[in-house]
Amino acid sequence: MRYDNFEEMLKDPKQHFSRPDEVLKTQSLSGQQKLEVLKAWQLDAEELQVATEENMGGGEPDLLDEVIAALGRLRTPD
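Remember, it's a predicted structure, so these values are computed and weren't measured experimentally. (Residues numbered from 1 in each chain as written. Predicted model: local features only at pLDDT ≥ 70, side-chain atom pairs only at ≥ 80, totals over all residues. Heavy atoms only, no water.)

A tally of regular secondary structure across the protein gives four helices and zero strands. In the protein, the succession of helices and strands from N to C terminus is α-α-α-α. A buried classification covers 29% of the 78 residues belonging to the protein. Sequence-distant contacts, at least 24 apart, represent 49% of the contacts inside the protein between residues at least 6 apart. (Helix = DSSP H or I, 4+ residues; strand = E, 2+ residues; numbered from the N terminus. Buried < 20%, exposed > 50% of the residue type's maximum accessible area, 1.4 Å probe, protein only. Contact = heavy atoms within 4.5 Å.)

Here it is in structure tokens:
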């Protein structure tokens, strides 16, 4: 996976990470960067959920619950 272009990660986190937990495991991102990537992913997932509810889904899996869980783990580390 490429982690050299943070701005590209923010535009489409799914292109750089297959699951939200991968963001948490990435050593090359700061805590703030991880938060920003997960929040961008959350926004994308929320938009996908709305589109799905309006029968306009793109066929991608809904990862909103996983993104929210990852955000929670980032905010309250073990």
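Let's pick the thread back up.
Let us look at helix 3 (residues 31-53). The end-to-end C-alpha distance of helix 3, which contains 23 residues, comes to 33 Å, matching closely the 33 Å that a straight helix rising 1.5 Å per residue would cover. Residues of helix 3 that are buried: Lys34, Val37, Leu38, Ala40, Trp41, Gln42, Ala45, Leu48 and Ala51. On its buried face, helix 3 sits against helix 1 (6-11), helix 2 (20-25) and helix 4 (64-75). Phi turns positive one or two residues past the end of helix 3, at asparagine 55, with a value near 60 degrees. (Expected span 1.5 Å × (residues − 1).)

Let us look at the environment of valine 67. Along the chain, valine 67 falls in helix 4. Residues valine 67 and valine 23, 44 residues apart in the sequence, show an inter-C-alpha distance of 9.7 Å.

What follows covers a negative patch on the surface. Together, Glu53, Glu54, Asp62 and Asp65 make up a region of like negative charge exposed at the surface. Mapped onto the fold, aspartate 65 is located in helix 4. (Patch = residues over 30% accessible without salt bridge, like charges linked within 9 Å, V, L, I, M, F, W, Y side chains within 5 Å. Areas by Shrake-Rupley, 256 points an atom, 1.4 Å probe, with all protein chains shown as cover. Salt bridge = Lys/Arg side-chain N within 4 Å of Asp/Glu carboxyl O. Lys, Arg positive; Asp, Glu negative; His and termini not counted. Charge placed at Lys NZ, Arg CZ, Asp CG, Glu CD.)

Let's shift gears to helix 4. Spacing of three or four residues puts side chains on the same side of an α-helix, whose turn is 3.6 residues. Its 12 residues give helix 4 an end-to-end C-alpha distance of 17 Å, which sits within 8% of 16 Å, the value for a rise of 1.5 Å per residue. Taken together, the buried positions of helix 4 are occupied by Leu64, Val67, Ala70 and Leu71. Taken end-on, helix 4 shows its buried residues confined to a sector of 125 degrees, consistent with a single buried face. Close packing links the buried residues of helix 4 with helix 2 and helix 3. (Arc of directions from axis to C-beta.)

The next subject is the confidence of the model for the protein. In the predicted model, the protein carries a mean pLDDT of 85, and 85% of its residues have values of at least 70. Per-residue pLDDT, averaged within each element of the protein, yields its smallest value for helix 3 (90) and its largest for helix 2 (96). (pLDDT = per-residue confidence, 0-100.)

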